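Here is what each chain is made of, one letter per residue.
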Amino acid sequence: MQNGVLSRSENVHNPMEGSAILGSDSVFYVDANNMDLDWRVCSRARLSRDARFDGKFFIGVLTTKIYCRPICPARTCKESNVRYYPSAAAAAEAGFRPCLRCRPECSPGTPAWLGTSNTVSRALRLIGESGLGERGVEGFAERLGVGSRHLRRLFLRHLGATPLAIAQTRRFHFAKKLIDETRLPMNQIALASGFGCVRRFNAAIRNFYHRTPTQIRHIARQKEIQSEDQYIFRLNFRPPYHWQGMLDFLSPRCTPGVELVEAGCYRRTISANGHDGYFEVSPDNERNLLIARIEIADPQSLFFIVERIRAMFDLNADWADIEETLGNDPALKDRLEAHPGLRVPGCWNGFELATRAILGQQITVKGATALAGRLVTRFGKPFRGPNGLTHLFPEPEVLADAKLASVGLTAVRGETIRALARGVCDGKINFVGIVDSEAFLCRIREIPGIGTWTAHYVAMRALGEPDAFPSTDLGLLRAMNLTTSRELERRSETWRPWRAYAAMYLWRFGARRPPETGFLPGSADNYRSHDVSRAPSLAR
């Protein structure tokens, strides 16, 4: 294998010489020096069109010079005529163009923990949030604390393509998604996908897809009529996906006026680049995807919004890998088999989530939701949206000096929220572009009133940290029949790097669950002298 490509003629890596990270049916095996694709497993996945492998590798067809997803409905090619690549960018770098039938731009994202180094994992998350940034690869590598040449070597080793190629392929794929799934004029698509001008956009798309943007839109034959400023996107995931479990978690925590779960659909207000809007997400029961309907006046925000929705609903998770790790523990095995596909709910805004967690200290979920509703009514920005959506959540600048006693908060808890808001305004606390999650946990715990539980809960949902684990949580201790957080920490070592998913299962299907707290039992922080709470909390 060279730069990520593997053909049948090459020797297959012996799984006994490395660590199999996806189990006995794994596509990938990892050793100390390289990531190899097992062509035999890739071949089985390709022939069966198994959706569980969608996005884990891509197929380059030598006769057509097209690369496809493993689920492509096109006629099956001979094994001698295909090559396998660990990323779409690697296939594009090898001279293949994207298939117009299976649409590689719609495949689930590369799982951030797919055996890659921590540096590559963090880099992929940052590219997903904001691309490479204005300073290019040099500045991007500097943010990660490595040299640009070393970062390039890591990307080639693990993903078969450079950081620039990964970022550019994502941009091409999103442009294609806008062409296929919206009625936006091409000049707006060019700006929304980061090309700057229509001229560069047309030339780049034609070079990448061997067709003009207009020809691609004609092939798509979109029949669904969309209203002005309304956009519909189909967001794929790897099955299984426990949609009801996601709604069961979010529903009792919906902030009145900002969020709503209704008739199997999640809906909320949003603000992006100074424009207000809303989105709603519902499942497609016939296919492995969620349907996101977005209404906002600024199409340039669509890439950010779509990526945030994907993160919020944990659509890039690799369930096969999670199950392989957690299923080895008898305490979790039955839960996983009975209810597969439970995900870790993310959030739209990290500051909002952290504020909501502080509101929930020492009171029930129902009480915290009522407090959040009063906070939004008093300090939030009014919004005229669909039924149930009336406000945007208050910005940090608004809450930094707000008199929160007026909504029923204690003086100490109100000061915690103000301190958090001031930290965000001053740039000391940031929830986007986090490179070092441990450093983030340390910084947020410096705020008086925020303890270990709250910090890890925020890391789970706001940072998408799959190994974040609130080991001081009473519900987790009860579910595992343990008495101390140290015992739980030791017990959870075998669950790495998926401890956040283990927590979701233990919370939902724990042995003991107080009826008044709803889905999530809550925490028992190792409270320091400045914590708001002085006793174990039963809700967040």
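One can find the structure itself at the top, above this paragraph.
Source: prediction; values computed, not measured.

Peer 1: Help me get a handle on the packing of helix 3 (residues 118-130) against helix 5 (residues 148-159), residues and values and all.
Peer 2: In helix packing, the relevant descriptors are the interaxial angle and the interaxial distance, both defined with respect to the helix axes. Contact geometry of helix 3 with helix 5 gives a least axis separation of 10 Å together with a crossing angle of 95°. Taken together, the axes of helix 3 and helix 5 lie roughly perpendicular to each other. Within the contact between the two elements, helix 3 uses Thr-119, Val-120, Ala-123, Leu-124 and Ile-127 and helix 5 uses Leu-151, Leu-154, Phe-155, His-158 and Leu-159.

Peer 1: Lay out the nonpolar core in plain terms, naming residues and giving numbers.
Peer 2: Phe-279, Phe-313 and Phe-431 are the most contacted members of the largest nonpolar core, which totals 138 residues. Apart from the residues lying within four places of it in its own chain, the contact partners of Phe-431 are Gly-350, Phe-351, Ala-354, Leu-420, Val-424, Phe-440, Ile-444, Val-458, Ala-462 and Leu-463. Of all hydrophobic cores here, the second largest spans 9 residues; its members include Trp-39, Phe-53, Ile-59 and Tyr-84.

Peer 1: Explain the sheet that holds strand 7 (residues 97-98) residue by residue, including any values.
Peer 2: An order of 6-4-5-7 is seen for the 4 strands of this open sheet, with the pairing classed as mixed. The sheet is open, and its two borders are formed by strand 6 (82-85) and strand 7, each paired with just one other strand. As paired elements, strand 4 (residues 58-61) and strand 5 (residues 66-68) share 3 bridges and run antiparallel to each other. Its bridge partner lying in strand 5, Ile-59 is registered against Cys-68. Contacts from helix 1 (residues 39-48) reach strand 4 and strand 6, with the element oriented near 105° to strand 6.

Peer 1: Outline the pairing of strand 8 (residues 230-236), listing residues and values.
Peer 2: Within strand 8, 5 of the 7 residues are buried, which leaves it mostly tucked inside the rest of the structure. Strand direction decides the pairing type here: strand 8 and strand 12 (residues 289-296), joined by 7 bridges, are antiparallel. Within strand 12, the residue paired with Gln-230 across the bridge is Glu-295.

Peer 1: I'd like to hear about the packing of aromatic side chains, residue by residue, with values.
Peer 2: Inspection of the entire model under this criterion finds 23 aromatic pairs. Geometrically, the ring pair formed by Phe-174 and Phe-233 is stacked, given 6.3 Å between the ring centres and 20° between the ring planes. Of the two residues, Phe-174 sits in helix 6 (residues 163-181) while Phe-233 sits in strand 8, which places them 59 residues apart along the sequence. Residue Phe-233 is classed as buried on the basis of its relative accessible area of 0%. Through successive ring pairs, a cluster of aromatic residues spans Phe-237, Tyr-241, Trp-243, Tyr-266, Phe-279, Phe-304, Phe-313 and Trp-348. Looking at Arg-171, its charged tip hangs above the ring of Phe-195, at a distance of 4.4 Å from the centre. A cation over an aromatic ring shows up here: Arg-308 above the ring of Trp-348, its NZ or CZ 5.6 Å from the ring centre.

About the criteria used
Residues numbered from 1 in each chain as written. Predicted model: local features only at pLDDT ≥ 70, side-chain atom pairs only at ≥ 80, totals over all residues. Heavy atoms only, no water. Axes fitted to C-alpha atoms, helices over the stretch in contact; angles between N-to-C directions. Helix = DSSP H or I, 4+ residues; strand = E, 2+ residues; numbered from the N terminus. Parallel < 35°, antiparallel > 145°, perpendicular 65-115°, else oblique. Contact = heavy atoms within 4.5 Å. Core = buried A, V, L, I, M, F, W, Y, C linked by side-chain atoms within 4.5 Å. Buried < 20%, exposed > 50% of the residue type's maximum accessible area, 1.4 Å probe, protein only. Pairing = 2+ DSSP bridges. Phe/Tyr/Trp six-rings, centres within 6.5 Å; stacked < 30°, edge-to-face > 60°. Lys NZ or Arg CZ within 6 Å of the ring centre and 35° of its normal.

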